[in-house]
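Fold and contact review
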There are 2 protein chains.
Amino acid sequence: MSKTKILLAEDEPALGQIIKESLETRDFNVLLCSDGEKAMHTYQSDAPELLVLDVMMPKKDGFTLAKEIRAFDDTIPIIFLTAKSQTQDVVEGFTIGGNDYLKKPFSMEELIVRINNLLNRTRIQKTSEILHIGAYTFDFPKQRLNFNNTSEQLTHREAHLLFHLIKNKNQVLDRSLILNKLWGNDDFFSARSMDVFITKLRKKLNKDNSIQILNVRGFGYKLIC
Amino acid sequence: MSKTKILLAEDEPALGQIIKESLETRDFNVLLCSDGEKAMHTYQSDAPELLVLDVMMPKKDGFTLAKEIRAFDDTIPIIFLTAKSQTQDVVEGFTIGGNDYLKKPFSMEELIVRINNLLNRTRIQKTSEILHIGAYTFDFPKQRLNFNNTSEQLTHREAHLLFHLIKNKNQVLDRSLILNKLWGNDDFFSARSMDVFITKLRKKLNKDNSIQILNVRGFGYKLIC
DNA sequence: CTAATCGGTTAACACTAGTTAACACTAGTT
DNA sequence: AACTAGTGTTAACTAGTGTTAACCGATTAG
């Protein structure tokens, strides 16, 4: 099994080198980038498994970079390195979907512990990312809905909505929760858009009629299977 | 309650033994078979609750075995262990109706997570609450009221009200209790709304005239059946 | 016996959700 | 650049759900 690739974006050369070498003694393959733009390129060419991003960087700061990368992969674990200790920064990091942050100065041990935690967590998650609903199986990362020998590609929206329905199956999935999570707001138009997607999913799930998406008026939807 | 029986088919003795012992520490009863034919016999004689099948096995490979077992039981969860990482294999596993697959090498944690996921899923299905009232059956999770060969979808409110009536059948169900539970308050309007629902349920239950929803003036309702 | 109250029933209503299609926009292809 | 296909949003219309109102009968307290 090959080494785990970690992308490290850190503009201060000395610190970057120290972290890189420390991680390499722990058998990680570290891709060191000195600014946000280089990091973006390396991310796209080398497909690392985890990101360690300095927040304060030239060209492109860590948060912006994370936002852009999240457009491609919304599960990859990200650790932010921040000199500022303000809570505001931390909050921003998390809302982008960052998984952890580390305040400078930090010990190498701290960083390694967090890296291992995140890797374990996401690997366990990935192993259970093939979901089952009635006679269907749903491969969330691939966005494929399988039934017997047929397989159908879902769109990003369809897949995420279905994912949450399955994760909350046999219980009510709150409308406004899902609207905020997937659409980013809870207004009239997003709600109607969501209704359209529910219709689509119902059609795609109608091969097994033990599966139903029930509406709970005013609250949300319940996937029964 | 007895231990959950898991059939493990793995031809490599050392690996088979490791998996068996690991699962036994988690309180599973593991039936280890060294090839596909033995696994088939064990399946028929011991009725395990879940299958973990190596794909590459002598005598009979995992996919063929799964196909044959699916002829007897098309709901038993199956986890395939595969050394090959090719997508083709995975697809074939799913088209047989297999529920999950695991690429070697895998961690024991991964396997255990998947086993528990699959077991929970099938067990939840089996314990779904189907209630009986006279000649009707009422599937509460699906909100369906069945009579002979007809089936009717109930709304969320209807279903919950009926559920409580059935749970308290042949005894008085307190008005204010149900109002607080379903409507969240006990005011005039909610009470009148509830009356409307009682009327609706009476209509929907009138195919079996041994069933009656009786009013106990000032106290509540009593479902007789 | 009568008035007051409670519950039964039906229909009108407001609101929510379902469905379909048109549309704008993006991305991929020729 | 033009064409095509796909995705998600918006719009328009329809259907369904639950609340409220109105009217009625039944029961009970005075």
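Refer to the preceding data block for the structure.
Below, the structure is looked at part by part. (Residues numbered from 1 in each chain as written. Chains lettered and ligands numbered in written order. Predicted model: local features only at pLDDT ≥ 70, side-chain atom pairs only at ≥ 80, totals over all residues. Heavy atoms only, no water.)

1. Considerations on the overall build of chain A
Scanning chain A from N- to C-terminus turns up 8 helices and 12 strands. Residues counted as buried form 50% of the 225 residues belonging to chain A. Sequence separation of at least 24 residues holds for 55% of the intrachain contacts in chain A that already meet a minimum separation of 6. (Helix = DSSP H or I, 4+ residues; strand = E, 2+ residues; numbered from the N terminus. Buried < 20%, exposed > 50% of the residue type's maximum accessible area, 1.4 Å probe, protein only. Contact = heavy atoms within 4.5 Å.)

2. As for the nonpolar core
If you look at the biggest cluster of nonpolar residues, it comprises 30 residues, and the most contacted ones within it are I133, F138, L162, L165 and L205 of chain A. Breaking this core down by element, the ones donating at least two residues are β6 (130-133), β7 (136-139), β8 (144-147), α6 (156-167), α7 (175-183), α8 (188-204) and β12 (220-224) of chain A. With residues up to four places along the chain from it excluded, the contact list for L205 of chain A reads I133, Y136, L145, L162, I211, I213 and L223 of chain A. By size, the runner-up hydrophobic cluster in this structure holds 29 residues, among which are I133, F147, A159 and L205 of chain B. (Core = buried A, V, L, I, M, F, W, Y, C linked by side-chain atoms within 4.5 Å.)

3. Side note on the protein's contact with DNA strand C
Taken together, 22 residues surround DNA strand C, and among them R202, K203, R217 and Y221 of chain A together with Y221 of chain B come closest. Considering the 4 Å shell around the protein, atoms of DNA strand C inside it are sugar or phosphate in 64% of instances. Between DNA strand C and the protein, one listed contact pairs a phosphate oxygen with a side-chain N or O atom of T199 of chain A at 3.4 Å. G218 of chain A places a polar main-chain atom, nitrogen or oxygen, 2.9 Å from a phosphate oxygen of DNA strand C. When its residues are assigned to classes, the surface near DNA strand C shows 4 nonpolar, 6 polar and 12 charged. (Near = heavy atom within 4 Å. Polar contact = N/O pair within 3.5 Å; in protein donor to acceptor, adjacent residues only side chain to side chain. Nonpolar A, V, L, I, M, F, W, Y, C, P; charged D, E, K, R; others polar.)

4. A word on the sheet that holds strand β9 (residues 150-153) of chain A
All names here are of chain A. Strand order across the open sheet formed by 4 strands is β6-β7-β8-β9, with antiparallel pairing between neighbours. Looking at which strands have only one partner, the edges of the open sheet turn out to be β6 and β9. For this sheet, the mean angle separating the axes of adjacent strands, direction not counted, is 20 degrees. Judged from the 4 bridges that link them, β6 and β7 form a sheet pairing that is antiparallel. (Pairing = 2+ DSSP bridges. Axes fitted to C-alpha atoms, helices over the stretch in contact; angles between N-to-C directions.)

5. Comments concerning the pairing of strand β1 (residues 4-9) of chain B
All names here are of chain B. Most of β1 is tucked away: 5 of the 6 residues are buried. Where β1 meets strand β2 (residues 28-33), 6 bridges bridge the pair, whose relative direction is parallel. Each residue of the ladder has a partner; that of I6, found in β2, is V30. One crossover worth recording links β1 to the parallel β2 by way of helix α1 (residues 13-25), and it is right-handed. Strand direction decides the pairing type here: β1 and strand β3 (residues 50-54), joined by 4 bridges, are parallel. Paired with L8 across the bridge in β3 is V52. (Right-handed = clockwise from strand over helix to strand, strands pointing away.)

6. A closer look at α1 of chain B
All names here are of chain B. Given a rise of 1.5 Å per residue, 13 residues ought to cover 18 Å, and the 18 Å separating the end C-alpha atoms of α1 matches this to within 8%. Buried residues of α1: G16, I19, K20, S22 and L23, and no others. Down the axis, α1 shows its buried residues gathered within 165 degrees of arc, on one side only. For α1, the exposed residues lying more than 90 degrees away from the buried face are P13 and T25. (Expected span 1.5 Å × (residues − 1). Arc of directions from axis to C-beta.)

7. Details of the pattern of salt bridges
For the structure on display, the rule yields 15 salt bridges over all chains. Linking D195 of chain A and R175 of chain A is a salt bridge whose minimum nitrogen-to-oxygen distance equals 3.3 Å. You can see D195 of chain A sitting in helix α8 and its partner R175 of chain A sitting in helix α7, a full 20 residues away along the chain. Judged by relative accessible area, D195 of chain A falls into the buried class, the value being 18%. Note that E158 of chain B is salt-bridged to K204 of chain B, the shortest N-O span being 3.3 Å. Of this pair, E158 of chain B sits in helix α6 (residues 156-167) while K204 of chain B sits in helix α8 (residues 188-204), placing them 46 residues apart in sequence. By relative accessible area, which is 4% here, E158 of chain B ends up buried. One network of salt bridges, with partners in common, ties together D35, K38 and K59 of chain A. (Salt bridge = Lys/Arg side-chain N within 4 Å of Asp/Glu carboxyl O.)

8. A look at the protein's contact with DNA strand D
The local shell around DNA strand D holds 21 residues, among which T155, S193 and R217 of chain A together with T155 and S193 of chain B are the closest. Separating a base nitrogen of DNA strand D from a side-chain N or O atom of R217 of chain A is a distance of 2.6 Å. Within the side chain of R157 of chain B, one N or O atom sits 3.2 Å away from a phosphate oxygen of DNA strand D. Those elements that provide at least two residues to the surface near DNA strand D are α6 and α8 of chain A together with α8 of chain B. Of the residues belonging to the surface near DNA strand D, the class tally is 8 nonpolar, 5 polar and 8 charged.

9. Brief notes about the sheet that holds strand β12 (residues 220-224) of chain B
Residue and element names in this part refer to chain B. The sheet built from 3 strands is open, its strands ordered β10-β12-β11 with antiparallel pairing. Two strands in the sheet have a free side with no partner beyond their single neighbour: β10 (172-174) and β11 (212-216). Mean inter-strand twist for the sheet, computed between neighbouring axes without regard to direction, equals 30 degrees. Bridge count between β11 and β12: 5 bridges; the pairing is antiparallel. Bridge pairing links I213 to L223 in β12. Its contacts with the sheet place α8 against β11 and β12, and it is angled at close to 150 degrees to β11.

10. A word on α8 of chain B
Residue and element names in this part refer to chain B. An ideal rise of 1.5 Å per residue puts 24 Å on 17 residues; α8 measures up with 25 Å between its terminal C-alpha atoms. Residues of α8 that are buried include every one of S190, A191, M194, D195, F197, I198 and L201, and no others. The arc that holds the buried residues of α8, viewed along the axis, is 165 degrees, so those residues lie on one side. Turned more than 90 degrees away from the buried face of α8, the exposed residues are F188, F189 and K203. If you follow the buried residues of α8, they end up packed against α6, α7 (175-183), β11 and β12. Its side-chain oxygen 3.3 Å from the backbone nitrogen of F189, D187 forms the N-cap of α8.

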